[in-house]
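Descriptive structure summary
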Amino acid sequence: EAIIVAEGVEKWYDNSFHVLQGVSLSVNKQEVVVMMGPSGSGKSTFIRTFNALEPYQKGSIVIDGIKLSHDLKNIDAIRREVGMVFQQFNLFPHLTVLDNVTLAPIWVRRWKKQKAEEVAMQLLERVGILEQAHKYPGQLSGGQQQRVAIARALAMQPKIMLFDEPTSALDPEMVREVLDVMRTLANSGMTMVCVTHEVGFAREVADRVVFMDSGKIVEIAPPDEFFNHP
Ligand code: ADP
Ligand code: ADP
């Protein structure tokens, strides 16, 4: 059953650069899709359309039955469904780890502080950051910060998680700990769309690999096929 249905999505800039040239993709519930392709091919732009971070001019996107209008009018409904993790963690530096995770549940979902903190502590334990809950992001390693960012996204109880090169800004020794959290999340049944160059992760975790080039999807295949053809 599809939870993301993107059809013929097109986006161009004022200078006429056509970054998405009619991109269609359906993602099923609990599916893990990895997006690959050269830098500048539109992968990030495409997945950012799924949570209304990126307006587009043509085509249609339906997220869990909610149609995302071109002008991003129903942005709030969509954002509750779709969590996102960025290359540059984007944590609030002046808030503790715990406050970073509880901020949106308290202000957007209107949860009581105590409930939000209980849920946050469970999530921080799940991503292995419980001991750092009262520290500030600047006191954590990049890998730890990214795991906080994952916990923060999960705190909104999204149905879909988007990852935009989540390990590209990390030192090599920290890549694994983030990929391990992503793998566990995938095994728990989360629907995930991940832009990443991590071939090992794609081979082991992806249900399908999508290859984009110059604003188009040029191949969609299961990892076995994708990585083994001549
Ligand atoms: P990927 O994730 O595959 O690296 P992106 O989705 O980040 O690709 O690609 C965005 C492309 O759109 C890049 O080629 C970038 O230069 C171009 N782009 C981004 N913003 C603008 C803009 N305001 N005007 C023109 N081109 C832009
Ligand atoms: P990143 O690789 O960090 O994702 P983006 O492609 O999102 O970078 O671009 C970062 C900023 O630069 C955006 O505001 C985008 O609109 C602008 N930008 C990127 N490429 C171009 C371009 N070719 N022409 C004009 N603006 C661009």
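Every value quoted in this text rests on a predicted model; they were computed, and no experiment measured them.

Quick notes on the rules
- Residues numbered from 1 in each chain as written.
- Chains lettered and ligands numbered in written order.
- Predicted model: local features only at pLDDT ≥ 70, side-chain atom pairs only at ≥ 80, totals over all residues.
- Heavy atoms only, no water.
- Phe/Tyr/Trp six-rings, centres within 6.5 Å; stacked < 30°, edge-to-face > 60°.
- Helix = DSSP H or I, 4+ residues; strand = E, 2+ residues; numbered from the N terminus.
- Lys NZ or Arg CZ within 6 Å of the ring centre and 35° of its normal.
- Pairing = 2+ DSSP bridges.
- Axes fitted to C-alpha atoms, helices over the stretch in contact; angles between N-to-C directions.
- Contact = heavy atoms within 4.5 Å.
- Polar contact = N/O pair within 3.5 Å; in protein donor to acceptor, adjacent residues only side chain to side chain.
- Buried < 20%, exposed > 50% of the residue type's maximum accessible area, 1.4 Å probe, protein only.
- Right-handed = clockwise from strand over helix to strand, strands pointing away.
- Parallel < 35°, antiparallel > 145°, perpendicular 65-115°, else oblique.
- Left-handed = near helix turned anticlockwise from the far one by under 90°.
- Nonpolar A, V, L, I, M, F, W, Y, C, P; charged D, E, K, R; others polar.

Some details on the packing of aromatic side chains
Taken as a whole and judged by the stated rule, the model has three aromatic pairs. With centroids separated by 6.1 Å and ring planes inclined at 40°, the aromatic side chains of F211 and F226 adopt a geometry described as tilted. Placement of the pair is F211 in strand β9 (residues 208-213) and F226 in helix α8 (residues 223-228), with a sequence separation of 15 residues. If you follow K115 out to its NZ or CZ, it ends over the ring of W111, 4.1 Å from the centre.

A closer look at the sheet that holds β9
Spatial ordering of the open sheet is given by β6-β7-β8-β3-β9-β10, a layout of six strands whose pairing is mixed. The sheet is open, and its two borders are formed by β6 (82-85) and β10 (216-221), each paired with just one other strand. Each strand of the sheet is rotated relative to its neighbour by a mean of 20°, with strand direction disregarded. Bridging between strand β3 (residues 32-36) and strand β8 (residues 191-195) involves four bridges; their strand directions are parallel. Paired with V33 across the two strands is V193, which belongs to β8. Here helix α5 (residues 142-154) sits on the sheet in contact with β6 and β7 (160-164), set at roughly 170° to β6. Of the strands in this sheet, β3, β7 and β8 touch helix α6 (residues 172-187), which is tilted by about 150° from β8.

Describing the environment of K159
With respect to the secondary-structure elements, K159 resides in the loop between α5 and β7. Taking C-alpha positions, K159 is 8.8 Å from I3, a pair spaced 156 residues apart along the chain. K159 has contacts with I3, D64, E81, M190 and T191, leaving out every residue within four places of it along the chain. A polar contact is formed between the side chain of K159 and the side chain of D64, at a distance of 2.7 Å.

Here we look at the pairing of β8
Counting buried residues in β8 gives five out of five residues, a clear majority hidden from the surface. Burial along β8 is two-sided: the residues T191, V193 and V195 and M192 and C194 are all buried. Both β7 and β8 contribute to a ladder of five bridges, which runs parallel. By the bridge assignment for β8, F163 is matched with C194. This β-α-β element, β7 to α6 to β8, shows right-handed connectivity.

Overview of the packing of helix α3 (residues 97-107) against α5
Two packed helices can be described by the angle between their axes and the distance between those axes. The contact between α3 and α5 brings their axes to 8 Å, and the two run at 25°. In terms of their interaxial angle, α3 and α5 are classed as roughly parallel. The crossing of α3 and α5 is right-handed. Across from V97, N100 and V101 in α3, the residues of α5 making contact are V148, A151 and R152. Looking at the contact of α3 with α5, its residues break down into four nonpolar, one polar and one charged.

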